[in-house]
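Descriptive structure summary
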Amino acid sequence: MVLAIAGLASAAAAAWTSGLVDNRSPRPTAKAKPHSWVGSDRIFITDAQNFQARAEGLLDHDVKSILNVTKRMQYGEYRWDDKNVPHGPMWVRVDLTRQIISVFRDGHEIGTAVILYGADEKETPIGAFPILAKIKDHKSITYDSAPMPYTLRLTGDGVSIHGSDVRWGRATHGCIGVPVEFAHKLFDAVSKGDQVTILSDERTA
Amino acid sequence: MSTSARSGRVRTLSASSRARREQRMAVKRQRRLLAGGAALAALIATPLSIAAFMGVDPGFPGIDAAKSFMALLNDRSPGDRTAGELTKTKKKAVPEQRALGKINKPQAPVEFEEALAPPPPAMIDAPPFPVALAGLGPLIEIPAPPPGGGGFIPTTTGGGGGGGGGGGTENPPENPPPENPPPENPPPENPPPVVPEPATWATMLMGFALTGWVMRRRRRQGAALTWA
């Protein structure tokens with residue numbers, strides 16, 4: 001009996017506190033968006049979480065929310081959900097250690113996918129790059145005219161984000177490979193000059 | 001005039017005693033409530049704090065808010081790409097995009113190296129009072145000069161220079177560098193998160209609520225007392 005009461009009370013307390021934490025994050029934009037949006041399809045990121053990630057050096061923009069993807073993604077899998085996300089500045093975060101790309105619009109994540117990145121002898125560079133050019137049907141000049149659909153060029157020497165066959169055990173020559181459909185969506189979403197941040201836990205720019 | 005006043009006093013006396021009894025009852029009731037609240041808070045805090053201490057996710061809804069951003073990204077990540085992943089052959093080989101891994105000389109981790117070869121302590125680190133000098137009576141009064149430097153400084157006491165010089169030469173054998181110094185600050189395996197644990201939150205909020213409630217009660221009671 002006592003245990004039951006204790007369990008109920010603790011559950012109530014946890015729900016209460018987590019509700020407190022939950023409610024605080026979406027406050028700034030809570031007015032603008034419909035109520036149904038604050039559901040299970042997004043996880044809202046608090047200031048403290050932002051601060052922690054920034055302190056670790058693994059975040060350079062404030063994030064308002066991310067897609068609720070709690071299960072491990074497979075190679076070639078991607079999520080794209082920009083429903084009700086307000087228009088705003090775009091930026092792309094590429095995490096080499098976690099092999100994850102995240103596309104943000106106005107601080108809300110609208111897409112994520114598993115990526116391929118450069119093998120050790122041709123490493124993907126670390127840092128923040130503006131998108132220099134968008135080329136829809138690009139054929140590689142350096143690598144035997146390999147198809148690179150939906151290329152977003154990041155550096156002068158040709159490192160870019162492009163569509164490729166994302167599978168386990170593959171790597172690129174320094175580019176960032178994303179699933180082709182994801183690359184298409186990303187290609188349509190971003191414009192020239194938007195920032196792409198490439199991060200890695202081990203290496204720093 | 002006097003009778004009416006006396007009767008009035010009698011009436012007020014009985015009223016005040018009744019008020020006092022009521023106040024006593026109120027205090028008792030308050031104590032009972034306070035004890036109940038404390039017990040409830042302890043009951044709530046116990047399972048949550050045990051879960052937090054053991055690092056177990058209690059599994060309540062909305063707990064994700066207390067996870068760090070990187071932990072949230074880790075959940076969806078296929079993981080770190082291992083070195084051998086690109087060179088394994090038991091899979092469908094696609095030569096044009098496969099690449100061989102870089103060959104690296106294995107390096108011992110930094111902590112390990114430090115544990116094997118501790119940096120020798122500097123001369124300045126040695127304590128200025130050598131233990132061997134403790135037996136000499138008159139010299140022990142002298143404030144210890146820096147080792148080796150005492151001979152050059154003209155001090156007010158005569159024998160100070162000699163004592164200081166002796167201390168300088170005797171110091172190193174007295175304090176040999178420790179063979180295996182214990183690690184000074186082993187890095188914590190799990191750094192405490194910025195976001196407090198739900199148990200902490202619950203306990204803190206319970207405490208605040210309890211404090212506020214008691215203060216409110218006290219104030220109201222104090223006001224009642226001044227009226228009576």
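Residues numbered from 1 in each chain as written. Chains lettered and ligands numbered in written order. Predicted model: local features only at pLDDT ≥ 70, side-chain atom pairs only at ≥ 80, totals over all residues. Heavy atoms only, no water.

**Here we look at helix H3 (residues 47-55) of chain A**
Counted only if it meets this: The buried label goes to any residue with under 20% of its type's maximum accessible area, the exposed label to any with over 50%, and the partly exposed label to all in between, with areas taken from a 1.4 Å probe on protein chains only. Here a strand is any run of E in DSSP of at least two residues, a helix any run of H or I of at least four, and the numbering for each starts at the N terminus. Here, the arc refers to the directions that run from the helix axis to the C-beta atoms. In this description, contact between two residues means that some pair of their heavy atoms is separated by no more than 4.5 Å.
Listing the buried residues of H3(A) in full gives Gln49(A), Asn50(A), Gln52(A) and Ala53(A). Seen end-on, H3(A) carries its buried residues on one side only, within an arc spanning 165 degrees. For H3(A), the exposed residues lying more than 90 degrees away from the buried face are Asp47(A), Phe51(A) and Ala55(A). Residues of H3(A) that are buried make contact with strand S1 (42-44) of chain A together with helix H2 (69-76) of chain B. Downstream of H3(A) by a residue or two, Gly57(A) has a phi angle that is positive, lying close to 75 degrees.

**Let's talk about the sheet that holds strand S11 (residues 176-178) of chain A**
Residue and element names in this part refer to chain A. This is how it is decided: The pairing criterion for strands is at least two bridges between them, as found by DSSP. Interaxial angles span 0 to 180 degrees and are taken between N-to-C directions of axes, which are lines fitted to C-alpha atoms, for helices over the stretch in contact.
What the four strands build is an open sheet, ordered S8-S9-S10-S11; its pairing is mixed. Either end of the sheet is taken by a strand with one partner, and the two such strands are strand S8 (133-139) and S11. Between one strand and the next, the sheet's axes are offset by a mean angle of 25 degrees, whatever the strand orientation. Where strand S10 (residues 160-163) and S11 come together, three bridges link them in parallel fashion. The residue of S11 that forms the bridge with Ile161 is Ile176. Seen against the sheet, helix H4 (residues 180-189) touches S8, strand S9 (147-153), S10 and S11 and runs at an angle of roughly 35 degrees to S9.

**Section: the nonpolar core**
Condition: Residues belong to a common nonpolar core when they are buried Ala, Val, Leu, Ile, Met, Phe, Trp, Tyr or Cys residues joined through side-chain atoms within 4.5 Å.
The biggest cluster of nonpolar side chains holds 27 residues, and the ones touching the most others in it are Val94(A), Ile101(A), Ile161(A), Leu186(A) and Ile198(A). Looking at this core, the elements that each hand over two or more residues are strand S4 (90-95), strand S5 (100-105), strand S6 (108-114), S9, S11, H4 and strand S12 (195-199) of chain A. Examining the composition of this core, we find that four residues originate from one element, H4(A), more than from any other. Beyond its immediate stretch of four places on either side in the chain, Ile101(A) contacts Val92(A), Arg93(A), Val94(A), Gly111(A), Thr112(A), Ala113(A), Ile115(A), Ile161(A), Val178(A), Phe182(A) and Leu186(A). Grouped together as the second largest cluster of nonpolar side chains are 13 residues, Ala53(A), Trp91(A), Phe69(B) and Leu73(B) included.

**Looking at a positive patch on the surface**
Formally: Like charges are joined within 9 Å and nonpolar side chains (Val, Leu, Ile, Met, Phe, Trp, Tyr) within 5 Å, but only among residues with over 30% relative accessible area and no salt bridge; these make up the patches. Here the accessible surface of atoms and residues is derived via Shrake-Rupley with a 1.4 Å probe, and residues count as covered only by protein chains that are part of the display. Salt bridge, as used here, is a side-chain nitrogen of Lys or Arg placed within 4 Å of a carboxyl oxygen of Asp or Glu. We treat Lys and Arg as the positive residues and Asp and Glu as the negative residues; His and chain ends play no part in the count. To locate a charge, take atom NZ for lysine, CZ for arginine, CG for aspartate or CD for glutamate.
A cluster of basic residues, Arg18(B), Arg20(B), Arg21(B), Arg24(B), Lys28(B), Arg29(B) and Arg32(B), forms a positive patch at the surface. With respect to the helices, strands and loops of the structure, Lys28(B) is situated in helix H1 (residues 2-54).

**Section: the confidence of the model for chain B**
Residues and elements named next belong to chain B. The cut-off we apply is this: As a per-residue quantity, pLDDT reports the predictor's confidence and falls between 0 and 100.
Scored by pLDDT, chain B comes out at a mean of 67, with 39% of its residues at no less than 70. For chain B, the element scoring lowest by mean pLDDT is helix H4 (residues 160-174), at 44; H2 scores highest, at 88. This model gives residues 1-5 a pLDDT under 50, and the stretch forms zero contacts once residues within four places in sequence are excluded. When the criterion is pLDDT under 50, residues 148-173 qualifies, and its contacts beyond four places in sequence or with other chains add up to 23 contacts. Here the predicted complex scores 0.48 on pTM and 0.74 on ipTM.

**Digging into the pairing of S12(A)**
It is a general feature of regular strands that their side chains alternate between the two faces of the sheet. All names here are of chain A. Most of S12 sits out of view: four of its five residues are buried. In this sheet, S12 lies alongside S4 in parallel orientation, the contact comprising five bridges. The residue of S12 that forms the bridge with Asp95 is Leu199. Pairing between strand S7 (residues 127-130) and S12: four bridges, direction antiparallel. Along S12, the bridge assignment pairs Gly127 with Ile198.

**Quick notes on the pattern of salt bridges**
A side chain with one charge can pair with a side chain of the opposite charge if their charged atoms come near. All names here are of chain A. Evaluated as defined, the whole model comprises eleven salt bridges over all chains. Here Arg105 and Asp82 are joined by a salt bridge, their closest N and O atoms 3.8 Å apart. With Arg105 in strand S5 and Asp82 in the loop between strand S3 (78-80) and S4, the pair connects residues that are 23 residues apart, well separated along the chain. Judged by its relative accessible area of 11%, Arg105 falls in the buried class.

**Digging into the confidence of the model for chain A**
Averaged over all residues, the pLDDT of chain A is 83; the fraction at 70 or higher stands at 80%. A low-confidence stretch, residues 28-36 of chain A (pLDDT under 50), is modelled with six contacts involving residues beyond four sequence positions or located in other chains.

**Things to note about the packing of aromatic side chains**
Residues and elements named next belong to chain A. Heads up, the condition is: Side-chain rings of Phe, Tyr and Trp, where Trp is taken by its six-membered ring, are said to pair if the distance between their centres is within 6.5 Å; with planes under 30 degrees apart they count as stacked, over 60 as edge-to-face, and otherwise as tilted.
In total, this model carries four aromatic pairs over all chains according to the counting rule given. Judged by centre distance (4.8 Å) and plane angle (10 degrees), the ring pair of Trp91 and Phe104 falls under stacked. In this pair, Trp91 sits in strand S4 while Phe104 sits in strand S5, placing the two residues 13 residues apart along the sequence. Considered together, Trp91 and Phe104 belong to a single accessibility category, that of buried residues. Each member of the aromatic cluster is reached from another via a ring pair, and the members are Tyr78, Trp80 and Phe182.

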